[in-house]
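# Topology and contacts: notes
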Amino acid sequence: MAGQDRPVTLAAVTGAHGVTGEVRLKLFGEGVAALKRYRAFTDSTLTLTKLRDDGKGGAIARFEEVLDRNAAEKLRGTALTVPRSQMPELVEGEYYHADLLGLRAVSDAGDELGTCIAVENFGAGDVIEIERPAGEDGKRRRFMVPMSPAAVPEWDHERVVVNAAFAEE
């Protein structure tokens with residue numbers, strides 16, 4: 001499948017924790033257990049030595065390369081990524097957000113709709129954001145579609161197919 005080496009973001013550093021170089025993490029995956037599968041992040045520039053749940057939906061981590069609070073603060077905003085090829089295989093019907101980003105979006109009638117530019121989850125399931133090509137006014141318009149079988153009956157490594165009823169302006 002194309003994109004097997006595309007970096008997948010599993011967490012982001014939100015700031016320092018304490019004075020010894022630990023950092024607070026915002027998790028994007030399935031919690032601390034999913035993050036513990038990996039030791040090296042972000043092109044092997046960060047090596048995980050310790051990780052624990054913070055009890056608030058995030059985590060506290062220590063990296064071999066981060067020795068004090070100043071170094072930890074400098075990491076604020078850093079995405080912790082791993083190559084897509086290192087992620088566990090998925091079963092039919094599952095996907096990683098990174099696999100959808102950049103895909104062409106077409107309607108089930110065959111019309112070009114645009115490009116999938118984001119995958120969000122506001123609590124009721126994933127929603128994909130599609131950016132249409134620039135219109136006559138030069139503006140690019142966006143719309144969102146729930147990532148459900150009714151709205152997105154199929155997808156593969158080249159495109160997402162959107163039920164035309166969900167793509168109306």
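What this report covers is the structure whose coordinates are included nearby. Fair warning: this is a prediction, and the values are worked out from it, not measured in the lab.

### A closer look at the sheet that holds strand 1 (residues 7–17)
- What the 6 strands build is an open sheet, ordered 3-4-5-2-1-6; its pairing is antiparallel. This sheet does not close on itself; its edge strands, each paired only once, are strand 3 (40–41) and strand 6 (79–83).
- Two strands pair when backbone bridges link them, and strand 2 (residues 22–27) and strand 5 (residues 58–63) are joined in this way by 4 bridges, in the antiparallel orientation. Each bridged residue has a counterpart across the sheet, and for Lys26 the counterpart in strand 5 is Gly58.

### Focus on the environment of Asp111
- Note on placement: Asp111 falls in the loop between strand 7 (104–107) and strand 8 (112–121).
- For the pair Asp111 and Ala71, spaced 40 residues apart in the sequence, the C-alpha separation amounts to 50 Å.

### Re the packing of aromatic side chains
- Summed over all chains, the structure comprises 3 aromatic pairs.
- Aromatic pair Phe41 and Phe63: ring centres 6.4 Å apart, planes at 85 degrees, arrangement edge-to-face. Of this pair, Phe41 sits in strand 3 while Phe63 sits in strand 5, and the two are 22 residues apart along the sequence. In terms of burial, Phe41 and Phe63 fall into one category: buried.
- When the ring of Tyr95 is compared with that of Trp155, the centres are 5.4 Å apart and the planes differ by 85 degrees; the resulting orientation is edge-to-face. Taken together, the positions of Tyr95 in the loop between strand 6 and helix 3 (97–100) and Trp155 in strand 11 (residues 154–155) put the pair 60 residues apart, joining distant regions of the chain.
- Chaining the aromatic ring pairs together yields one cluster made of Tyr38, Phe41 and Phe63.

### Re the sheet that holds strand 9 (residues 126–131)
- Spatially, 6 strands are ordered 10-9-8-7-12-11 in an open sheet, and the strand pairing comes out mixed. Of all strands in the sheet, those with a lone pairing partner are strand 10 (142–146) and strand 11, marking the two edges.
- Across 5 bridges, strand 9 lies against strand 10 in antiparallel orientation. Looking at the pairing, Glu131 lines up with Arg142 of strand 10.

### Side note on the pairing of strand 2
- Pairing analysis gives 6 bridges linking strand 1 to strand 2, with the strands arranged antiparallel. If you follow Gly15 over to strand 2, its bridge partner there is Arg24.
- Hairpin connection of strand 1 to strand 2: 4 residues between the antiparallel strands, including Gly18 at a positive phi of 80 degrees.

### Focus: the pattern of salt bridges
- Summed over all chains, the structure comprises 11 salt bridges.
- Here Arg84 and Asp99 are joined by a salt bridge, their closest N and O atoms 2.8 Å apart. Residue Arg84 is located in the loop between strand 6 and helix 3, and its partner Asp99 is located in helix 3; the two are separated by 15 residues in the primary sequence.
- Residue Arg84 is classed as buried on the basis of its relative accessible area, which comes to 6%.
- Residues Glu129 and Arg142 are paired through a salt bridge, measuring 3.6 Å at the closest nitrogen-oxygen approach. On the criterion of sequence distance, the pair formed by Glu129 in strand 9 and Arg142 in strand 10 is long-range, its members being 13 residues apart.
- For Glu129, a relative accessible area of 15% corresponds to the buried category.
- Take Arg142: its relative accessible area is 52%, and that puts it in the exposed class.
- Within this structure, Glu22, Arg52 and Arg62 form a network of salt bridges that share partners.

Parameters at a glance
- Residues numbered from 1 in each chain as written.
- Predicted model: local features only at pLDDT ≥ 70, side-chain atom pairs only at ≥ 80, totals over all residues.
- Heavy atoms only, no water.
- Pairing = 2+ DSSP bridges.
- Helix = DSSP H or I, 4+ residues; strand = E, 2+ residues; numbered from the N terminus.
- Phe/Tyr/Trp six-rings, centres within 6.5 Å; stacked < 30°, edge-to-face > 60°.
- Buried < 20%, exposed > 50% of the residue type's maximum accessible area, 1.4 Å probe, protein only.
- Salt bridge = Lys/Arg side-chain N within 4 Å of Asp/Glu carboxyl O.

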